[in-house]
Amino acid sequence: MNGNETASDIPTPSLTGLDILRDEASSDWSLEDADITYHIDRWGSPYFFINSEGNVGVRPLIDSDLDVDVMKVVEEAHSRGIQLPILIRFQDLLHRRVVELNESFRVAIEEFRYENHYQGVYPVKVNQLHEVVEEILDAGAQYNFGLECGSKAELLATLPHLTRDEMLLICNGYKDRRMLSLILTGQRLGKNVLPILEKFHEFEEFIAAATERNIPPAFGARVRLSSSGSGKWRESGGDISKFGVSIPQIMRIVHRLKEEGITDAFKLVHFHIGSQITDIITLKGAVREAARIYTKLVKMGLGVQYIDVGGGLGVNYDSVDFGLDQSINYTLQEYVNGVVYTIKEICDIERVPHPVIVSESGRALTAHHSVLIVGVLDSTRKEPELTLPKVTEQEEPVIRELYDLFETLKSIATDTGRGERQRLARCLEIFHDAIEKRGDADQLFSLGYLSLEDKGNAESLYWRLIQYLDQILKGFDRDSLPSDLYQIEDMLVDQYLCDFSVFQSILDHWAIAQIFPIMPIHRLSEEPKRRGTIVDLTCDSDGKIDRFIGEDGERNHLPLHELNDKPYYLGCFLMGAYQDILGDMHNLFGRVNEIHVYADAEEQNNFYIEANIPGTTITEVLSLVQYSSSDLRKRMDGIIREKVRLKEIRPRQGVEFLEQYMAALKEYTYYNFTDLHQVKENKDKPSFTDDRQEP
Ligand SMILES: *Cc1c(COP(=O)(O)O)cnc(C)c1O
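Residues numbered from 1 in each chain as written. Predicted model: local features only at pLDDT ≥ 70, side-chain atom pairs only at ≥ 80, totals over all residues. Heavy atoms only, no water.

### Describing the side chain of Q276
Okay, step 1: On the secondary structure map, Q276 appears in the loop between β10 (266-270) and α12 (280-299).
Okay, step 2: Judged by relative accessible area, which is 1%, Q276 ranks as buried.
Okay, step 3: Within the structure, the side chain of Q276 is placed 2.9 Å from the backbone oxygen of V315, a separation counted as a polar contact. (Helix = DSSP H or I, 4+ residues; strand = E, 2+ residues; numbered from the N terminus. Buried < 20%, exposed > 50% of the residue type's maximum accessible area, 1.4 Å probe, protein only. Polar contact = N/O pair within 3.5 Å; in protein donor to acceptor, adjacent residues only side chain to side chain.)

In structure tokens form, the structure reads like this:
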């Protein structure tokens, strides 16, 4: 407490609780506490962890414990002049996931004596970036890992990547003539390209086109299963799905193939019951149904060779089965075992040869490899560092009453003689009184009975009370709190303003309320004493993150560190699936700067940055909405010339203004952090010369 607070006419209550809040580094905070606070074990293991320096580390290699300090990567990027926000791609992690998926299948196939192999494909829509696709193909080469496409553009992008004839290219989505014809060309080139027919008429068109070009056709069909998925994406499967061929239509296809004598054309049975399948039992049900369909088709004399179980292999955004609606209740190996064992079981019962197993896992391969790093620009407290007002005997009654609540609260805090329930009931009463008095103060002010200073004092007292209550309530079991008191924790949450756009970089948080792991990437050996939500730079009230992974389920704030004069960085993890690609141009923030990091024991700090892909410049985002920089220049020049003509500015200034404008067009769309920290350093020097002082 500083001097002017205690200089009031009556003694200021000593806010025991608040003193604890301000205390410097409580010594019993350990890295394990940080582990628990941010649940890194649940979503990050074995890839992400907290290292001995209190920074987030990553172990990107499959066959080594080599680790990379994420903070050191950010520092190196910073020293090279790469601005935040930065998307870091750990290319080795992509590699690792591809190998892990394939090896899991190899292990299961061996264990269950499955008599065929696994040959997966990567659905490029999950992350179409060329380097991501190339890394996956490179890691998957030893397994003949292929690709999946869902549109004409994706077909054009993927076809030239079929370097070996055995690799599969699975073509999903609705296909027009041009697309079907390109697929036939791929087949004619000897490539293993399979269109997955979604509609009966696609079948007719495809067969007609093949006959016309005299190419023996090969295709798969997406069957409409009765089983549907679980979780957020469940409507992609089941009877109500917009995709898939019904069983009566499959029968029509079978009859037509028999008539034409091309029963070998039907190569693959496909299903996809949605992304991030949360329940393994749902998946097994779908596999069982598809496997039955496969065996019946084989028995009818068709040459089906593959079962494609689609995507849906989930990622632990929090943990195996921890209560969020996106939690999955299985591990990678359990998923793989379920697929392999179920198919084998059904085929053995039906006495039909085991098919090649195909899967289209996208999220599970890509989610881990990229981390978005954002800088915190500022934090806003609900209860700013208030000095407790001087309260005199002549004070407005409402202020005195608020003040008196302190005394009462203090007696509750120290009175341990009374039972818990009684003390909670008193806290609740004081909370309600505080709200009522604050309301009174607001009303009195509106009616002109309270000065601005008094209103300020009333607000200070109110927030200090809430803060004090919050401290007292920490001594109680949170679940035992009445709901009004339960919400106090959320009332005291700070807003951390961060340099990024939710709509560009973490779209699913906004669109489908998905929760991503977010945590500071450094200072983890310090106790995070604040609670915050995250707000972005966009002028949109939805541009915020206020749902985080909590103890059991979600929480509305994140424990964060108090800002000091050094940069504070947050990492948003598991960003590699869908987010990179979905981002829109909200408020014209474009793609963020991107760096590709490789682990290497020979390098200083165990890593090197290979590629630096600059984010979108302002000129580029503007051109996407049809502004040309030459037109903008002409307009800006016109405005400036007019002012020069009117002698409101000098010609030399006019030239400078135009240059400044043109230079800004070439810049990165995000906040310039370098400027921020320079301004802080040169606080005393004015950063602009004042034009008006010119003679
Ligand atoms: C989106 C999609 C996938 C990828 O699903 P994940 O859950 O990301 O693995 C696979 N197949 C099809 C047909 C899809 O539409």
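### Focus on the pairing of strand β9 (residues 219-222)
Okay, step 1: Residues F219 and A221 line one face of β9 and the alternating positions G220 and R222 line the opposite face, and both faces are buried.
Okay, step 2: Sheet topology note: the strand β8 (residues 192-197)/β9 ladder contains 2 bridges and is parallel. Looking at the pairing, I196 lines up with G220 of β9.
Okay, step 3: On the question of chirality, the crossover connecting β8 to the parallel β9 by way of helix α10 (residues 200-213) is right-handed.
Okay, step 4: Sheet analysis places β9 next to β10, joined by 4 bridges and oriented parallel. Opposite A221, over in β10, you have V269 as the bridge partner. (Pairing = 2+ DSSP bridges. Right-handed = clockwise from strand over helix to strand, strands pointing away.)

### Observations concerning the site of the ligand
Okay, step 1: Around the ligand lies a shell of 16 residues, among which K125, S275, E360, G362 and Y578 are the nearest.
Okay, step 2: In the model, an oxygen atom of the ligand is placed 2.6 Å from a nitrogen or oxygen of the K125 side chain.
Okay, step 3: Take Y578: an N or O atom from its side chain is 2.6 Å from an oxygen atom of the ligand.
Okay, step 4: Against a free-state accessible area of 390 Å², the protein chains account for coverage of 92% of the ligand. (Near = heavy atom within 4 Å. Areas by Shrake-Rupley, 256 points an atom, 1.4 Å probe, with all protein chains shown as cover.)

### Let's talk about helix α7 (residues 130-140)
Okay, step 1: Of the positions making up α7, those classed as buried are V132, V133, E135, I136, L137, A139 and G140.
Okay, step 2: Check the buried side of α7 and you find it contacts β4 (86-90), α6 (91-111), β5 (121-123), β6 (146-149), α14 (363-366) and β22 (593-599). (Contact = heavy atoms within 4.5 Å.)

### Details of the environment of D542
Okay, step 1: Tracing the backbone shows D542 in the loop between β16 (530-535) and β17 (544-545).
Okay, step 2: You can call D542 partly exposed: its relative accessible area is 37%.
Okay, step 3: Each C-alpha atom, one on D542 and one on F503, is 8.9 Å from the other, the two residues being 39 residues apart in sequence.
Okay, step 4: If sequence neighbours within four positions are ignored, D542 has contacts with F503 and W510.

### A few points about the pattern of salt bridges
Side-chain pairs of opposite charge can arise whenever the charged atoms involved come near each other.
Okay, step 1: Evaluated as defined, the whole model comprises 37 salt bridges.
Okay, step 2: Of the charged contacts, one joins K152 and D176 as a salt bridge, the two residues approaching to 2.8 Å between their closest N and O atoms. With K152 in helix α8 (residues 152-158) and D176 in the loop between β7 (168-171) and α9 (177-188), the pair connects residues that are 24 residues apart, well separated along the chain.
Okay, step 3: A salt bridge links K437 to E401, with the nearest nitrogen and oxygen atoms 3.3 Å apart. Of this pair, K437 sits in helix α16 (residues 420-446) while E401 sits in helix α15 (residues 397-414), and the two are 36 residues apart along the sequence.
Okay, step 4: Salt bridges here are not isolated pairs; linked through shared partners, they connect R292, K296, K299 and E350. (Salt bridge = Lys/Arg side-chain N within 4 Å of Asp/Glu carboxyl O.)

### As for the nonpolar core
The nonpolar side chains of a soluble globular protein tend to be buried, and buried together.
Okay, step 1: Counting 146 residues, the largest nonpolar core has F48, I88, Y122, F219 and F266 as the members making the most contacts within it.
Okay, step 2: The leading source of residues in this core is α12, at 9 residues.
Okay, step 3: Mapping this core onto the domain boundaries places at least three of its residues in each of domain 1 (39-112 + 368-382 + 493-616) and domain 2 (114-361).
Okay, step 4: In contact with F219, not counting residues within four places along its chain, are L194, P195, L197, F203, F206, I207, I253, L257, A265, F266, K267 and L268. (Core = buried A, V, L, I, M, F, W, Y, C linked by side-chain atoms within 4.5 Å. Domains from an automatic or database assignment.)

### So, a negative patch on the surface
Okay, step 1: A cluster of like negative charges, contributed by E420, D477, D479 and D552, occupies part of the molecular surface.
Okay, step 2: With respect to the helices and strands, the residue D479 is situated in the loop between α17 (452-473) and α18 (483-486). (Patch = residues over 30% accessible without salt bridge, like charges linked within 9 Å, V, L, I, M, F, W, Y side chains within 5 Å. Lys, Arg positive; Asp, Glu negative; His and termini not counted. Charge placed at Lys NZ, Arg CZ, Asp CG, Glu CD.)

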